[in-house]
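Commentary on secondary and tertiary structure
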Amino acid sequence: TDWEPWIRLFEAHGLPGTLQEDHPPAISAYIPPGEEVRIPEIGKELESQGAQVQIETVKEEDWAESWKQFFVPRRFGKGWLIQPTWDQVEPGPDERVITLDPGQAFGTGDHPTTRGCLILMEDCDLSGATVADIGCGSGILTVGAGRLGAERIVGVDVDSVAVQAARENLDRNGVTAEVFVGLGFDPLPEEAFDLVVSNIISSALIVLAPEAAARTKPGGAWIVSGIIQANWPDVQHAAESVGFRLDREIREDEWVSARFLR
């Protein structure tokens, strides 16, 4: 399912925090108390786009806690162990552990796009490297870069809630990084990075491609994800048209993650 147009629709109504489920396809957003007057307008627009709308009244604390049942410890790749703060397991001797409380930010390791990024990152030699995580969400990839030995790490997200979650997750994992609120590379100093990673929607990747090329060192890599298969040709073309070369791609369910070399 291509969630991009639905995410953008909710964002246009000031609802950046959504929960997506692929089986069966469903996307949910929470409207806080006192703003119920907006429901008919949002529901009408969703229906005009072909969605079946279901409205349910929940306690605020129920929304905050309900998604936690879907986030359980998960192992994948070459030694990744991603676990929530409330459900931890004993790691193996060679496992790279990331402990998270994502809050309302995207990124738990339970989505194919996040897993794809971490698997592609583990093949990169990041010892002493510089890394930029554009669209850092919960900070899972930012922490992952630290686990792989990166020396200087920066993250950016448009959502201040995500940036706060990322900073807290960096602290709890003992990883040092700077995380900024902003769009794309805008809040970052003028520098190029050994690795840029971007797990964001396809349209944003296409717009970001020229600056990603300018901000990736020769011989460096740009890892992209958040791409539904139908949008992959457009993202690949955008990256290759600015000088990137496709190195590896991973497909899981309907999602594509890829590593381009500069």
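Quick summary incoming for the structure in this document. (Residues numbered from 1 in each chain as written. Predicted model: local features only at pLDDT ≥ 70, side-chain atom pairs only at ≥ 80, totals over all residues. Heavy atoms only, no water.)

Some details on the pattern of salt bridges
One pass over the full model with this rule turns up 13 salt bridges. The salt bridge partner of Arg96 is Glu122, with a shortest N-O separation of 3.0 Å. Of this pair, Arg96 sits in strand β5 (residues 96–100) while Glu122 sits in helix α4 (residues 112–122), and the two are 26 residues apart along the sequence. Here Arg96 and Glu122 have matching classes, each one buried. Across the pair Glu249 and Arg251 runs a salt bridge whose closest N-O atoms are separated by 2.8 Å. (Salt bridge = Lys/Arg side-chain N within 4 Å of Asp/Glu carboxyl O. Helix = DSSP H or I, 4+ residues; strand = E, 2+ residues; numbered from the N terminus. Buried < 20%, exposed > 50% of the residue type's maximum accessible area, 1.4 Å probe, protein only.)

What to know about helix α7 (residues 202–214)
Taking 1.5 Å of rise per residue, 13 residues should cover 18 Å, and α7 covers 19 Å from first to last C-alpha, within 8% of that figure. In α7, a bend of some 50 degrees at Leu208 exceeds every other bend along the element, and Pro210, a proline, comes one to four places later. When we look at burial in α7, the residues that qualify are Ser202, Leu205, Leu208, Ala209, Ala212 and Ala213. Contacts made by the buried residues of α7 are with α1 (4–12), β6 (130–134), β9 (193–199), β10 (216–228) and α8 (232–241). (Expected span 1.5 Å × (residues − 1). Bend = angle between axes of the 7 residues up to and from the residue. Contact = heavy atoms within 4.5 Å.)

A few points about the packing of α4 against helix α5 (residues 140–147)
Running from amino to carboxyl end, α4 crosses α5 at an angle of 20 degrees, the nearest separation of the two axes being 10 Å. Classed by the angle they form, the pair α4 and α5 counts as roughly parallel. Along this stretch, α4 crosses α5, giving a crossing that reads as right-handed. Here Thr114, Cys117, Leu118 and Met121 of α4 come into contact with α5, specifically with Ile140, Leu141, Gly144 and Ala145. Class assignment of the residues belonging to the contact of α4 with α5 gives a composition of six nonpolar, two polar and no charged. (Axes fitted to C-alpha atoms, helices over the stretch in contact; angles between N-to-C directions. Parallel < 35°, antiparallel > 145°, perpendicular 65-115°, else oblique. Left-handed = near helix turned anticlockwise from the far one by under 90°. Nonpolar A, V, L, I, M, F, W, Y, C, P; charged D, E, K, R; others polar.)

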